[in-house]
Amino acid sequence: MSWKEAEEYFSNHDLVILPIGSNEQHGPQNPLGTDFIIAEAIAEELSKRTGFASLRCVPYGVSFHHMHFPGTIAIDEVVFMNYIYEILKSLSKWNVKKVLIINGHGGNLSSLQILARKAREELNLLVFIFQWWALKSLENYFRKDELGHAAAVETSFIAYLHPEWVSKKEAVNEVPKEKVKELTWFTYTKEATESGVFGVSKTFSEEKGKKVFEEVLDYLVKLVEKIEKEKF
Ligand SMILES: [Zn+2]
């Protein structure tokens, strides 16, 4: 968009889509960019299907737990929040009232939830956070041990979007070490899995990835209709 086109867009739309990802290990078979590649693909397709503009993806996120794996890039939570806040603040100047964040990385969630609160209080902006892997219907296509980080569901998604970026021969299955469920504390991925894969990844396929993509998009299109009606 040129600024002229942006001016026109903001004169009759108050919602934008913002994909956010991470750059971190996704097992030996997937690219480091898995989370931002998926978030951006979802956002772009959602934009095509709904007519709401999608911003470019923020590719880096809070990924310290993966730092034992080469190529991972981690952003401190405070820096991450301040950076995203400035994006939201700029949007609020252009009459945007609602931002749908397509969050591609679970490690960003707690920071984004704080931002959703701050944006509503300080910018009069409603921030909605969507995470594709939280869709219950994915359990129709994948077993529980295929739903973890870098396992079959995520690998299938990338295989559908960019088959040339997934290595079939590098895909592994690894049972992660269990944590004590009654406690929450900071743990490194390396303490649970050597390969970086949580569960079964060898069963991935492009066809399953296509199903996930369509499932997520169908869900999101309906969600956007609900968000459009949301008054505040
Ligand atoms: Zn991921």
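Residues numbered from 1 in each chain as written. Predicted model: local features only at pLDDT ≥ 70, side-chain atom pairs only at ≥ 80, totals over all residues.

> Before we go on, may I ask you to explain the pairing of strand E2 (residues 98-103) in this structure?
Taken across its 6 residues, E2 has 6 buried, putting it largely inside the fold. Burial along E2 is two-sided: the face carrying Lys 98, Leu 100 and Ile 102 and the face carrying Val 99, Ile 101 and Asn 103 are both buried. In this sheet, E2 lies alongside strand E1 (residues 15-20) in parallel orientation, the contact comprising 6 bridges. Considered in E2, the bridge of Pro 19 is made with Ile 102. Sheet topology places E2 next to strand E3 (residues 126-130); 5 bridges connect them, and they run parallel. Looking at E3, one finds that Ile 102 is bridged to Phe 130. (Buried ≥ 20, exposed ≤ 12 C-beta atoms within 10 Å, placed from the backbone. Helix = DSSP H or I, 4+ residues; strand = E, 2+ residues; numbered from the N terminus. Pairing = 2+ DSSP bridges.)

> Teacher, can you tell me more about the sheet that holds E2 here?
Pairing between sheet strands relies on hydrogen bonds along the backbone, with the strands arranged either parallel or antiparallel. Pairing is parallel across the open sheet formed by 3 strands, whose spatial order is E1-E2-E3. Lying at the two open borders of the sheet, with one neighbouring strand each, are E1 and E3. Between one strand axis and the next, the sheet turns through 20 degrees on average, direction left out of account. Along the sheet, helix H4 (residues 109-123) makes contact with E2 and E3, crossing E3 at roughly 160 degrees. (Axes fitted to C-alpha atoms, helices over the stretch in contact; angles between N-to-C directions. Contact = placed C-beta atoms within 7 Å.)

> Would you mind showing me how to read H4 here?
Every α-helical turn comprises 3.6 residues, leaving residues that sit three or four positions apart pointing alike. Its 15 residues place the ends of H4 20 Å apart at the C-alpha level, agreeing with the 21 Å of an ideal helix rising 1.5 Å per residue. Within H4, the full set of buried residues consists of Ser 111, Leu 112, Leu 115 and Ala 119. What you see down the axis of H4 is that its buried residues fit within an arc of 90 degrees, all on one side. Every exposed residue of H4 that faces more than 90 degrees away from the buried side is listed here: Ser 110, Gln 113, Arg 117 and Glu 121. Tucked inside the fold, the buried residues of H4 contact helix H3 (77-93), E2 and E3. In the stretch just after H4, Asn 124 is the one whose phi turns positive, near 55 degrees. (Expected span 1.5 Å × (residues − 1). Arc of directions from axis to C-beta.)

Geometric descriptors of this kind do not, in isolation, establish any biological role.
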